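Survey of secondary and tertiary structure
Residues per chain, in single letters:
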Amino acid sequence: MAQRPSNKSRPTAASKPATKPATNPVAKPAGRPAASGSPTTGRPTGKAGRQSVAAARNATSANSNRTQMIIGGVAVVLIAAVVIIGLVINKKNSAVQGNGYGDAKASTATVAAGVISVAKGNPPITIEVFEDGLCPICGGFENQYGQQIAQYADEGKIKVNLHMLNFLNDRSASRDYSTRASAALLAVATEAGDQPGLVLKFHSALFAAGTQPVEGAAADLTNAQLADLAVKTGVPESVKASIAAGKYVAAATANAQAATAAVRAATGGVQTPTVLRDGKPLATNNVKWLTELVG
Amino acid sequence: MLETGNGRPAVLVNWLGLLARLGLVAVWFTSGFAKAADPLETVVAVRAYRLLPEGAVRPVAAVLPYLEIALGILLLLGLATRLAAVASAVLLLVFIGGVISAAVRGLTIDCGCFGGGGQVASGQTQYASEILRDVGLLALAGYLSWRPRSALSVDGWAAGLSRNPHVDQA
């Protein structure tokens, strides 16, 4: 028997026991070139046999090339589809809520037990918002929900209790930015809280992109700069001195301690932003959390 | 048992491949879905590396979770395994490079790999363990790039189909 081209050497008929059947053990479909099979491998033998094996191999490798291309194509389409769907979902989840409403216009603020309460009238729903002035995610949160919060507060639908923490102080250039930002807000709320919309407007200004200092950066806002920011958002000049002098820093420090304890008690950790309602955290990564809350 | 070209039993190769795939799937799904669930946090995490221009931060943070999920899906199915493995390896190299760059520049950040991210207190960085973990995953991806064959894969099923082109001829 001639050796057929293959990866492995195959035993020839001569080395096999003579009891092997001499007839073709493999049935061939009709229409193929007549080729008897090898008694050992069952493969087609002879020239016609070599041609049919080669043809089958070519067909197989052409098929498998085509298969690989199809698979590659499907994979690329799948990746593109997932990414596109993801971008659509992401855009929906990042959409600014209540966009176009602008700044708060009607709600007023009072301070009691270190908590700044902003409301108009007597709303049925109260939310406790825990933030840190340096927290970038709070900045994103304010950017996404600030207008909606302002609107619902103005419409008397929600009362917003602001709790300013300071656990990120050490990441600020001045080592106490969070406390001083909280003190500035406290000054505005205590001395000018009755001016409609002012506290929420200044609160949003503190977190505005470009205004809010960056964690770990070389600079943040001094008390004087915080005072200027306040005046720019409409805070009366009389409050400017209080902010620039850091009049409420001690109170802000105490408030931050209470706020940290409160958020830890409610959620087991200290993370901002956290929004509580009736002592329970709301799932604010649901973009419609406030829409659904107000109903 | 089928023999592969170098004599190693194909069954072992197939199951090793499956294990490598599943390891990468677990990581990509955990990481991808965690990032997708908190887009704000992901933006913060990407920005904290200070490697990208600001205009690129949001788009990258938007796409990254879904790229990871897509790779996870491909590896779960065993579809275009070599392509998915190479892409996984490239992505892991980018991540490893990012963490090394942050460490070298003295940034104190969380890698943001499974959600989270942004600044951490100095002394609380975990760069070494983050890099080690990613290197381990890179090894899995590298193995799969080299030997993409695995059990229970669409690739395997499709290869079986193309090996029997005349199956339907009577």
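In this text the structure is predicted, and so the values were computed from the model without any measurement.

What counts, and where the lines are drawn
- Residues numbered from 1 in each chain as written.
- Chains lettered and ligands numbered in written order.
- Predicted model: local features only at pLDDT ≥ 70, side-chain atom pairs only at ≥ 80, totals over all residues.
- Heavy atoms only, no water.
- Helix = DSSP H or I, 4+ residues; strand = E, 2+ residues; numbered from the N terminus.
- Buried < 20%, exposed > 50% of the residue type's maximum accessible area, 1.4 Å probe, protein only.
- Contact = heavy atoms within 4.5 Å.
- Areas by Shrake-Rupley, 256 points an atom, 1.4 Å probe, with all protein chains shown as cover.
- pLDDT = per-residue confidence, 0-100.
- Arc of directions from axis to C-beta.
- Pairing = 2+ DSSP bridges.
- Axes fitted to C-alpha atoms, helices over the stretch in contact; angles between N-to-C directions.
- Phe/Tyr/Trp six-rings, centres within 6.5 Å; stacked < 30°, edge-to-face > 60°.
- Buried area = accessible area lost by both parts, 1.4 Å probe.
- Salt bridge = Lys/Arg side-chain N within 4 Å of Asp/Glu carboxyl O.
- Polar contact = N/O pair within 3.5 Å; in protein donor to acceptor, adjacent residues only side chain to side chain.
- Nonpolar A, V, L, I, M, F, W, Y, C, P; charged D, E, K, R; others polar.
- Parallel < 35°, antiparallel > 145°, perpendicular 65-115°, else oblique.
- Left-handed = near helix turned anticlockwise from the far one by under 90°.
- Right-handed = clockwise from strand over helix to strand, strands pointing away.

The number of helices and strands found in chain A is eight helices and six strands. From first element to last, N terminus to C terminus, chain A shows the α and β order α-β-β-β-α-β-α-α-α-α-α-β-β-α. Residues counted as buried form 41% of the 295 residues belonging to chain A. A separation of at least 24 residues holds for 71% of the contacts in chain A among residues at least 6 apart in sequence. Counting every atom, chain A has about 14,700 Å² of accessible surface; 56% of that belongs to carbon and sulfur.

In this section: the confidence of the model for chain B. Predicted coordinates in regions of low pLDDT should not be interpreted in detail. Per-residue confidence for chain B gives a mean pLDDT of 87; residues scoring 70 or more make up 91%. Overall fold confidence (pTM) sits at 0.78, and the ipTM for the predicted complex is 0.85.

Let's shift gears to helix α6 (residues 154-163) of chain B. Residue and element names in this part refer to chain B. Those residues of α6 that sit buried are D155, A158 and S162. Buried residues along α6 cover an arc of 70 degrees about the axis, so they all sit on one side. Set apart from the buried face of α6 by more than 90 degrees, the exposed residues are W157, L161 and R163.

Residues and elements named next belong to chain A. One open sheet holds the six strands; their spatial order is β1-β2-β4-β3-β5-β6, and the pairing between them is mixed. The open sheet has two free edges, formed respectively by β1 (108-112) and β6 (280-281), since each of these has just one partner strand. Strand direction decides the pairing type here: strand β3 (residues 125-132) and strand β4 (residues 158-165), joined by eight bridges, are parallel. Within the sheet, the bridge partner assigned to D132 lies in β4 and is L165. Sitting on the sheet, helix α7 (residues 249-267) touches β3, β4, β5 (274-277) and β6, and the angle it makes with β4 is about 110 degrees.

Here the focus is the packing of aromatic side chains. The tally for this structure, following the rule as stated, stands at six aromatic pairs over all chains. Ring centres of A:F141 and A:W289 lie 5.9 Å apart, and the angle between their planes is 20 degrees; on these two criteria the pair is classed as stacked. Placement of the pair is A:F141 in helix α2 (residues 136-154) and A:W289 in helix α8 (residues 289-294), with a sequence separation of 148 residues. Given a relative accessible area of 2%, A:F141 falls into the buried group. Summarising the aromatic geometry, the rings of B:Y143 and B:W146 are spaced 6.1 Å apart at their centres and angled 70 degrees between planes, so their arrangement reads as edge-to-face.

Attention now goes to the interface of chain B and chain A. Facing 28 residues of chain B, the contacting portion of chain A comprises 28 residues. Both faces considered, chain B and chain A share a buried interface measuring about 2,500 Å² in area, 72% of it formed by carbon and sulfur atoms. Linking chain B with chain A are zero salt bridges, by the criterion used here. Viewed at the interface, chain A and chain B are joined by zero residue pairs in polar contact (both at pLDDT 80 or more). Where the side of chain B that touches chain A is concerned, the elements lending two or more residues are α2 (39-48), α3 (54-77) and α6 of chain B. No other element matches the nine residues that α3(B) contributes to the side of chain B that touches chain A. Classifying every residue of the side of chain B that touches chain A by side-chain character gives 21 nonpolar, three polar and four charged.

Here the focus is the packing of helix α5 (residues 223-232) of chain A against helix α6 (residues 237-244) of chain A. Residue and element names in this part refer to chain A. Where α5 contacts α6, the axes come no closer than 8 Å and their chain directions differ by 160 degrees. Here α6 runs roughly antiparallel to α5, going by the angle between their axes. The interaxial crossing formed by α5 with α6 has right-handed handedness. Each of N223, A224, L226, A227, D228, A230 and V231 in α5 lies in contact with α6, whose residues at this interface are E237, K240, I243 and A244. Tallied by class, the residues present in the contact of α5 with α6 amount to seven nonpolar, one polar and three charged.

All names here are of chain B. With their axes 8 Å apart at the nearest point, helix α1 (residues 10-37) and α3 run at an angle of 155 degrees to one another. In this view, α1 runs roughly antiparallel relative to α3, as classed from their interaxial angle. The element α1 and its partner α3 pack so that their crossing is left-handed. Residue-level contacts link R21, L24, V25, W28, F29, S31, G32, F33, K35 and A36 of α1 to L64, P65, Y66, E68, I69, L71, G72, I73, L75, L76 and L77 of α3.

Moving on, we get to the pattern of salt bridges. Residues and elements named next belong to chain A. Taken as a whole and assessed by the stated rule, the structure comprises 10 salt bridges over all chains. Salt-bridge contacts for E155 lead to K157; the nearest nitrogen and oxygen are separated by 2.8 Å. Judged by relative accessible area, K157 falls into the partly exposed class, the value being 35%. When salt bridges with common partners are traced through the structure, they connect D176, R180 and D220 into a single cluster.

Before going further, it helps to spend a moment on the environment of B:G136. Along the chain, the position of B:G136 falls in helix α5 (residues 127-146). In sequence terms B:G136 and B:L92 are 44 residues apart; their C-alpha atoms lie 9.9 Å from each other.

Another point: the pairing of strand β2 (residues 115-119) of chain A. Residues and elements named next belong to chain A. In terms of burial, β2 is largely enclosed, as five of its five residues are buried. Neither face of β2 is open: one carries V115, S117 and A119, the other I116 and V118, and all of them are buried. Between β1 and β2, which pair antiparallel in sequence order, lie two residues; one of them, A113, sits at a positive phi of approximately 50 degrees. Taken together, the three bridges between β2 and β4 define a ladder with antiparallel strand orientation. Bridge pairing links I116 to L162 in β4.

As a further point, take the pairing of β3(A). All names here are of chain A. Among the eight residues that make up β3, six are buried, leaving the element largely enclosed by the rest of the structure. Read from β3 through α2 to β4, the crossover connection turns out right-handed. Bridging between β3 and β5 involves three bridges; their strand directions are antiparallel. Counted as the bridge partner of F130 is T274 from β5.

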